[in-house]
Amino acid sequence: MARVLIVGAGLTGSLCAALIRKELPRPVHLAVWDEAGDSGGRMTTARSPCNPESTVDLGAQYITCTPHYAQQHQSFYVDLLALGILKPLTSPIEGMVMKEGDCNFVAPQGVSSIIKHYLDESGADVYFRHCVTQINLRNDKWEVSKDEGPPELFDIVVLTMPVPQILQLQGDVANLISKCQRQQLESVSYSSRYALGLFYEAGTKIDVPWAGQYITSNPCIRFISIDNKKRNIESSEIGPSLVVHTTVPFGVTHLEHSTEAVQELIFQHLEDILPGLPRPVATKCQKWRHSQVTNAAINSHGQLTLHLKPFLVCGGDAFTQSSFDGCVTSARCVLEALKNHV
């Protein structure tokens, strides 16, 4: 049985795992490795250390489906809506730009529930805190090394982490990437920002008429969401949770600063926007060095095959666009590339 490794337990990685399990003509042994301590990637949901029922989406806030993708990716939306993993966004988001025919969805259990669903569907062995450092050729297989523990052999490797992390990989893979492929990978750029999650005691009131708000007049803060309100799951037993996304210029300027210092700055700006906001019982500050793709890889068509035998392919929003549909498109392209060469 062929051994397949998917590096990255975000949306593209989890979708690749589910599609490979469902659609590859022969059974494979699937493993998913991620350097983080949980699945989700940039669709991560943080839990309050005081109450695990209180959660906040630190990455993607909601999913926008255009009429084009409603048709093209219909089966994915139907599946997630039928299971209650997605629900229509009905709460007011001030400043949201709506285009005709677009539909917005939220994940009541947090956006990472989408990733967990696809990983469960895949039946893959999922390993966290596995940071890939080297990929070498060994007798028509890939020997994949991580920062701790012995290397492992795989027949197929799918890389779905941010492109700068692919370019940092050591070993034979660094020499196998052609000049043209390297140019394609180096053409990818990302925005950077911070997200700050705030958790409050049960019974705390945050008295605003909206569930989310885009801010245009603040140099630090771009978006605020009262997450339980956004998801329509307000409860007297669970305190509210709030997430703040910074502007990209603020993120870039403070990228190498300590998260403690950045968190304090965000608090100061938040006080200007929501004066009198109570002090949270817990916080989670997340640095998104690779937030959204600002330039996708040139001429990549959803994936980039780096090597044929053994098979090595890259996928993710870097090869399409930073959205749910961009990741679905990439995962499908990776699957087609696999089917053609395996």
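Residues numbered from 1 in each chain as written. Predicted model: local features only at pLDDT ≥ 70, side-chain atom pairs only at ≥ 80, totals over all residues. Heavy atoms only, no water.

An unreviewed UniProt entry lists the protein chain under the name Renalase isoform X3, with Zalophus californianus as the source organism.

Once that is clear, we can look at the overall build of the protein chain. The number of helices and strands found in the protein chain is eleven helices and 22 strands. Compactness check: the protein chain gives a C-alpha radius of gyration of 20 Å against a globular reference of 20 Å for 342 residues, within 12% of the reference. Within the protein chain, the fraction of its 342 residues that count as buried is 54%. Looking at the protein chain alone, contacts between residues at least 24 apart form 72% of all its contacts between residues at least 6 apart. Accessible surface, the protein chain: about 15,500 Å² in total, of which carbon and sulfur atoms supply 50%. Computed over 28 positive and 34 negative side-chain charges, the inter-centroid distance for the protein chain is 4 Å. (Helix = DSSP H or I, 4+ residues; strand = E, 2+ residues; numbered from the N terminus. Rg over C-alpha atoms; globule rule 2.2 N^0.38 Å. Buried < 20%, exposed > 50% of the residue type's maximum accessible area, 1.4 Å probe, protein only. Contact = heavy atoms within 4.5 Å. Areas by Shrake-Rupley, 256 points an atom, 1.4 Å probe, with all protein chains shown as cover. Lys, Arg positive; Asp, Glu negative; His and termini not counted. Charge placed at Lys NZ, Arg CZ, Asp CG, Glu CD.)

The subject of this paragraph is the UniProt feature "domain: Amine oxidase" (unreviewed entry) in the protein chain. Sites flagged by UniProt as "domain: Amine oxidase" (unreviewed entry) map to residues 100-332. In this annotation, residues 100-332 is assigned 27% helix and 31% strand; the end-to-end C-alpha distance for the span is 27 Å. (UniProt positions renumbered as here; feature names shortened; annotations may be inferred.)

Within the UniProt annotation, "signal peptide" (unreviewed entry) is assigned to residues 1-17. Between the end C-alpha atoms of residues 1-17 there is a gap of 16 Å, over a span that is 41% helix and 35% strand.

To continue, consider the sheet that holds strand 6 (residues 87-88). In spatial order, the strands read 5-8-6; together these three strands make up an open sheet with antiparallel pairing. The strands lining the two open edges of the sheet, one partner per strand, are strand 5 (63-65) and strand 6. When strand 5 meets strand 8 (residues 103-106), the two strands line up antiparallel, connected through three bridges. Its bridge partner being in strand 8, Ile63 is matched across the sheet by Phe105. (Pairing = 2+ DSSP bridges.)

One frequent convention defines the size of an interface as the accessible area lost when the parts assemble. Domain boundaries in the protein chain define domain 1 (2-37 + 128-188 + 296-339) and domain 2 (51-111 + 190-295). For domain 1 and domain 2, the distance between their C-alpha centres works out to 29 Å. Of the roughly 1,400 Å² buried at the junction of domain 1 and domain 2 (both faces included), carbon and sulfur atoms supply 59%. Here domain 1 is connected to domain 2 by zero salt bridges. The tally of links between domain 1 and domain 2 comes to five residue pairs in polar contact (both at pLDDT 80 or more). Where the side of domain 1 that touches domain 2 is concerned, the elements lending two or more residues are helix 1 (11-23), helix 5 (163-167) and helix 11 (324-341). Of all the elements, helix 11 adds the most residues to the side of domain 1 that touches domain 2, at five residues. (Domains from an automatic or database assignment. Buried area = accessible area lost by both parts, 1.4 Å probe. Salt bridge = Lys/Arg side-chain N within 4 Å of Asp/Glu carboxyl O. Polar contact = N/O pair within 3.5 Å; in protein donor to acceptor, adjacent residues only side chain to side chain.)

Within the secondary structure layout, His254 lies in the loop between helix 9 (248-253) and helix 10 (259-273). A residue is classified by how much of its surface remains accessible, and His254, at 13% relative accessible area, is buried. In this view, His254 contacts Tyr194, Val262 and Leu265; residues no more than four positions away in its chain are not counted.

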